[in-house]
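Observations on the model geometry
Single-letter residue listing:
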Amino acid sequence: MLLKLEKDLPLLLFGLVCTSTVAALPQVQSAWAGIKEVYGEQEMGLRLLREAMLALLVCYAWAEPRLRNGIVSGPVLAFLSVVAAYVLFEIGYALYLDLPLVVPMTGLRVFEYLPLALIGFVCGRRGAADWVIGRFARCLRYYLVLQAGLALAQALWAPPLFGVSMLGGGRPFGTFVSPNLFGAAMATCALVFAVVPGMRRWLALSVLLALLSGSRTAFLSGLLVVFFQIYAALRPRDRWALWMPAPMLAVGALILASSPLLSGRDDADPTEDGRIALWQRVFANHVHDAADLLFGWGLGLSSNTVNLLFGAEHFPGQFDSDSLYLFLLNGYGLIGLLAYLGFLWATTRMSVHPAKGLVAMFIFVAGLTFNLWEYFPQNAVLMFLWGAMLGHHRQPDSTAPANAGLQPARVYG
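Residues numbered from 1 in each chain as written. Predicted model: local features only at pLDDT ≥ 70, side-chain atom pairs only at ≥ 80, totals over all residues. Heavy atoms only, no water.

Moving on, we get to the overall build of the protein chain. Scanning the protein chain for helices and strands turns up 21 helices and 0 strands. With 413 residues in all, the protein chain has 54% of them scored as buried. Counting contacts in the protein chain only where the partners sit at least 6 residues apart, residues at least 24 apart contribute 75% of the total. About 18,300 Å² of surface is accessible on the protein chain, with carbon and sulfur atoms providing 68% of the total. (Helix = DSSP H or I, 4+ residues; strand = E, 2+ residues; numbered from the N terminus. Buried < 20%, exposed > 50% of the residue type's maximum accessible area, 1.4 Å probe, protein only. Contact = heavy atoms within 4.5 Å. Areas by Shrake-Rupley, 256 points an atom, 1.4 Å probe, with all protein chains shown as cover.)

An ideal rise of 1.5 Å per residue puts 26 Å on 18 residues; helix 12 (residues 216-233) measures up with 26 Å between its terminal C-alpha atoms. Within helix 12, 13 of the 18 residues are buried, which leaves it mostly tucked inside the rest of the structure. Of the residues that open helix 12, the one with a side-chain oxygen 3.3 Å from the backbone nitrogen of A218 is S215. (Expected span 1.5 Å × (residues − 1). Polar contact = N/O pair within 3.5 Å; in protein donor to acceptor, adjacent residues only side chain to side chain.)

Where nonpolar side chains cluster on the molecular surface, the patch consists of W32, L152, L156, W157, M166 and L167 and spans about 610 Å² of accessible area. If one sorts the elements of the nonpolar patch by residue count, helix 9 (residues 129-157) sits on top with 3 residues. Here W32 lies in helix 3 (residues 25-32). (Patch = residues over 30% accessible without salt bridge, like charges linked within 9 Å, V, L, I, M, F, W, Y side chains within 5 Å. Salt bridge = Lys/Arg side-chain N within 4 Å of Asp/Glu carboxyl O.)

What the rule picks out here adds up to 3 salt bridges. One salt bridge in this structure joins R66 and E64, with 3.4 Å as the shortest N-O distance. As a salt-bridge pair, R109 and E374 come within 3.5 Å of each other at their nearest N and O atoms. Within this pair, whereas R109 is found in the loop between helix 7 (102-106) and helix 8 (114-126), its partner E374 is found in the loop between helix 20 (356-366) and helix 21 (378-390), the two being separated by 265 residues in sequence. Judged by its relative accessible area of 9%, E374 is buried.

All right, on to the packing of helix 10 (residues 179-195) against helix 12 then. The contact between helix 10 and helix 12 brings their axes to 8 Å, and the two run at 10°. Between helix 10 and helix 12, the crossing angle belongs to the class labelled roughly parallel. On helix 12, the residues touching G183, A184, A187, A190, L191 and A194 of helix 10 are A218, S221, G222, V225 and Q229. When its residues are assigned to classes, the contact of helix 10 with helix 12 shows 7 nonpolar, 4 polar and no charged. (Axes fitted to C-alpha atoms, helices over the stretch in contact; angles between N-to-C directions. Parallel < 35°, antiparallel > 145°, perpendicular 65-115°, else oblique. Nonpolar A, V, L, I, M, F, W, Y, C, P; charged D, E, K, R; others polar.)

So, on to unusual backbone geometry. Put simply, F376 and P377 share a cis peptide bond, and its omega is 5°. As for its placement among the helices and strands, P377 is situated in the loop between helix 20 and helix 21. Positive phi, close to 65°, is recorded for D98, a residue that is not glycine. Residue placement: D98 occurs in the loop between helix 6 (74-96) and helix 7.

As structure tokens, then:
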């Protein structure tokens, strides 16, 4: 069988994303009937489709010579060795605290789709990333049409299980277990369409669906994509005028996103946000000494999965983080958190891709109020994009296909 990265990889990525349409099917059916089920209790057989598709992608990466040779290169292995050594230390520390092995294992979910970042990195170095992303975006249009049709029907006629939409029905959830996950996926689709030239109509549809979801994080992420689109359209000498009002625009967007009209909820006042109270309580109750601050106070204890398995507050320090950064601080300490932020910043310094700023800022914002690396398929798509941006840190080892036909990407600064 002849393997061709530029032809096969977009279809495999699209297949991975499409498994989200069936992984939560029982919850979607229950939500249509007005029954709210607990997130994370999807039918195991359907959830395993995601892992099966991920395993297929990993096997393909190992079988495709260019991907395999790029992943096993010296610098990549050295980076993975450093990360693995620190992760093993955190696992050992969690076991020292007498936590069951399943608890620290849930703390490793931030690395579940790391293979996609490695694949994207190699594609970037080989000069094929833009071609793969372009083909993937064109396939993603069919996925978006499906989600848009379901979302409009739900916004008109679904029970208001998660709040009331702007169209009078329930907040739409598409093929997901909640509107927040649906909104996160739609905002990520907007990011993909923003990276590929000539897909502004699909970008606009994705942003509208993110807005319709009522998710504040999805709404802000979608506006971030629009902001960078406007920034790219301005002349370089005029762009400074867009950055000056940016903080005020961000605050205004947060207030607007929290209004009952857009959020669909009456309890979405940002000044009384449960997340803020949670974060204050966590710092007051669980950070006891320098060791807790530096290395965390229990890998995996801030995962929703642990709460579902053992019940709320079964272990000391257990809680729902509702933030990637609090999740990292709890599980990997200040060392792990700073390493993550430093690597995200280094991506913007090392990469030469014109969309590096947009992708890095999107990843940063999306993690503020969600553990985005636990949310499928957002985590899969963002991991690949992050790796692809980082892979453009120098001249590619080989050129992209001659028939790529892609226009030059916009410059986001």
